Amino acid sequence: MKKLISAILTLAMVMTMPLTVFAVGQGESATAEVKGTYTGKETKVVYSVDISWTAMDFTYNDAYEGEWDTATHTYKNATPANWEGTGTITITNHSNAAIKATPAYAAAAGYADASMGFDTAALNIASAATNNAAETGTITVTPAGKLPAGTTAAVIGTITVTIE
Amino acid sequence: MSNYENEDSRQKKAIPILLIITALAVCVAVWALFFRDSGPVLTPDQAPVQEEVNAEAIEGDTGEKMESPQGGGSVSLTFSRDVDIDLSDETAYLIFANPGKSNQDMVLQIVVQDTVIVQSGTLKPGNQVTELKLLDKAAKRLSEGVYEGNFNVLYYHPETGEKAIVNTVIPITITVNE
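Residues numbered from 1 in each chain as written. Chains lettered and ligands numbered in written order. Predicted model: local features only at pLDDT ≥ 70, side-chain atom pairs only at ≥ 80, totals over all residues. Heavy atoms only, no water.

## Remarks on the overall build of chain A
Within chain A, the secondary structure is distributed over 1 helix and 11 strands. Seen in sequence order, chain A has helices and strands lined up from the N terminus as α-β-β-β-β-β-β-β-β-β-β-β. Burial status across chain A gives 27% buried among its 164 residues. Sequence separation of 24 or more characterises 71% of the internal contacts of chain A that already satisfy a separation of 6 or more. Of the roughly 11600 Å² of accessible surface on chain A, a fraction of 57% belongs to carbon and sulfur atoms. (Helix = DSSP H or I, 4+ residues; strand = E, 2+ residues; numbered from the N terminus. Buried < 20%, exposed > 50% of the residue type's maximum accessible area, 1.4 Å probe, protein only. Contact = heavy atoms within 4.5 Å. Areas by Shrake-Rupley, 256 points an atom, 1.4 Å probe, with all protein chains shown as cover.)

Right, here's the structure in full:
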């Protein structure tokens, strides 16, 4: 009997314990915070670029006035000045980022009258990640201007390829 | 005044002048030895005899060569555009490799505002560097911060040491820490 009374009293006490409740009125809605966390690794760009170039040996043939023809009073077999040879620079991009290759020429001291022309001001080469294959571009080098008389197999300048 | 007294007076006047001249000579010698600006670093026309002391062999590099056009050259470059410089140990930390498939030796320069602050020794194909010492007095020209600079990569024939006609410039970002 005592046990029964104790159980009834305990139940009554529990029922009367204060509880915090939030009323939700008509037309209102309950809110709860939704939390999210982002994790990720930044992919680092590793540049891997191959550059190859052909021999940059150019020959300048000066203009030839020709032979004087005493009968016609004119020069025969005249030839204008010209250059022999062209060069090629090939750039291959194995990187996971696009690159831009910009060629430039600097004449060595004493050879400022000779210059090098390029068939492109800058070569844009796509990332190897685009097609999962290395991408290649080519720059053609063409000489212009003239060389001083007596020049033989001299280093007349340097070509710089800037890889951006 | 006797001749003897005249001579004595002249000698007494000469002593401070000699001392000043000696002091000036010492100052000039100290300046020349320790403070004189040695001028810009010049690019070698022949590959340096000394190989880069910080060069390490690239792990797993087979050394299989690229095709090289007759009379021309071929190189391969692996690099990161980010370079850190620690002024406390006067060292640049970087990623730069001359893979074994290259047919040319390389010399790497780091240039900031037209000043060469680092110049490596010869870097043979199949080798890489992750740190390079700053040139003498370069650390004094730098302060903490971020700089835009360049790698200047120079190529040299592995047998003759002759500098190639083609070279490469690579824009980089340099972070200097004290």
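Now that the structure has been shown, the text picks up again.
## Re the overall build of chain B
Scanning chain B from N- to C-terminus turns up 2 helices and 9 strands. Secondary structure elements of chain B, listed N to C terminal, follow the sequence α-β-β-β-β-β-β-β-α-β-β. Taking all 178 residues of chain B together, the buried fraction comes to 37%. Put simply, of all contacts in chain B between residues at least 6 apart along the chain, 70% involve residues at least 24 apart.

## Quick look at the packing of aromatic side chains
Under the counting rule described, the total for this entry stands at 5 aromatic pairs over all chains. Each ring, one from Tyr47 of chain A and one from Phe79 of chain B, has its centre 5.1 Å from the other, and the planes form 5°; the classification is stacked. You can see Tyr47 of chain A sitting in strand β1 (residues 47-53) and its partner Phe79 of chain B sitting in strand β2 (residues 73-79), one on each of two chains. Here Tyr47 of chain A and Phe79 of chain B have matching classes, each one buried. Judged by centre distance (5.7 Å) and plane angle (70°), the rings of Phe96 of chain B and Phe151 of chain B are edge-to-face. Of this pair, Phe96 of chain B sits in strand β4 (residues 91-98) while Phe151 of chain B sits in strand β8 (residues 145-156), and the two are 55 residues apart along the sequence. (Phe/Tyr/Trp six-rings, centres within 6.5 Å; stacked < 30°, edge-to-face > 60°.)

## A closer look at the interface of chain B and chain A
On the side of chain A, 20 residues touch chain B, which itself brings 25 residues to the contact. With both sides pooled, the region where chain B packs onto chain A buries about 2000 Å², and carbon together with sulfur makes up 59% of that total. Considering only the surface of chain B that becomes buried against chain A, Arg81, Ile165 and Val166 of chain B emerge as the three largest contributors, covering 29% of it. In this structure, the connection of chain B to chain A is made through 1 salt bridge. Run the count over chain B and chain A and you get 15 residue pairs in polar contact (both at pLDDT 80 or more). Only β2 and β9 (166-177) of chain B provide two or more residues apiece to the side of chain B that touches chain A. Among the elements that line the side of chain B that touches chain A, the one with the most residues is β2 of chain B, at 7 residues. Among the residues making up the side of chain B that touches chain A, the classes are represented as 12 nonpolar, 10 polar and 3 charged. Where β1 of chain A meets β2 of chain B, 7 bridges bridge the pair, whose relative direction is antiparallel. If you follow Asp50 of chain A over to β2 of chain B, its bridge partner there is Ser76 of chain B. (Buried area = accessible area lost by both parts, 1.4 Å probe. Salt bridge = Lys/Arg side-chain N within 4 Å of Asp/Glu carboxyl O. Polar contact = N/O pair within 3.5 Å; in protein donor to acceptor, adjacent residues only side chain to side chain. Nonpolar A, V, L, I, M, F, W, Y, C, P; charged D, E, K, R; others polar. Pairing = 2+ DSSP bridges.)

## Notes on the environment of Glu178 of chain B
All names here are of chain B. By secondary structure assignment, the location of Glu178 is in the segment after β9. Among the residues examined, Glu178 registers a relative accessible area of 61% and is labelled exposed. For Glu178, the residues in contact, after removing those within four places along its chain, are Asp86, Leu87, Ser88 and Glu144.

## Regarding the pairing of strand β7 (residues 127-133) of chain B
Residues and elements named next belong to chain B. As paired elements, strand β1 (residues 56-57) and β7 share 2 bridges and run antiparallel to each other. Within β7, the residue paired with Ala57 across the bridge is Asn127. Pairing of β4 with β7, which is carried by 6 bridges, proceeds in the antiparallel orientation. From the neighbouring strand, Thr91 faces β7, where its bridge partner is Lys133.

## Here's the deal with the nonpolar core
With 57 residues, the main nonpolar core has Ile51, Ile89, Ile91 and Ile163 of chain A together with Ile85, Phe96 and Phe151 of chain B as its most contacted residues. When residues in this core are grouped by element, the largest group, 5 residues, is from β9 of chain B. The contact partners of Phe151 of chain B, leaving out residues within four places of it in the chain, are Phe79, Ser80, Val83, Leu94, Phe96, Leu108, Gln109, Ile110, Thr168, Val169, Ile170 and Ile172 of chain B. (Core = buried A, V, L, I, M, F, W, Y, C linked by side-chain atoms within 4.5 Å.)

## A look at the environment of Ala112 of chain A
Residue and element names in this part refer to chain A. With respect to the helices, strands and loops of the structure, Ala112 is situated in the loop between β7 (99-107) and β8 (114-118). For Ala112, a relative accessible area of 66% puts it in the exposed group. When the C-alpha atoms of Ala112 and Leu147 are compared, they prove to be 8.6 Å apart, with 35 residues separating the residues in sequence.

## Regarding unusual backbone geometry
Phi is positive for Asn77 of chain A, close to 60°, though the residue is something other than glycine. By the secondary structure assignment, Asn77 of chain A is in the loop between β4 (74-76) and β5 (82-84). Exposure remark for Asn77 of chain A: the relative accessible area of 54% places this residue in the exposed category. A positive phi is found at Glu90 of chain B, a non-glycine position, where the angle reads about 50°. You can see Glu90 of chain B is positioned in the loop between β3 (82-86) and β4. Note on Glu90 of chain B: relative accessible area 38%, which makes it partly exposed.

Just distances and angles here, no functional claims.
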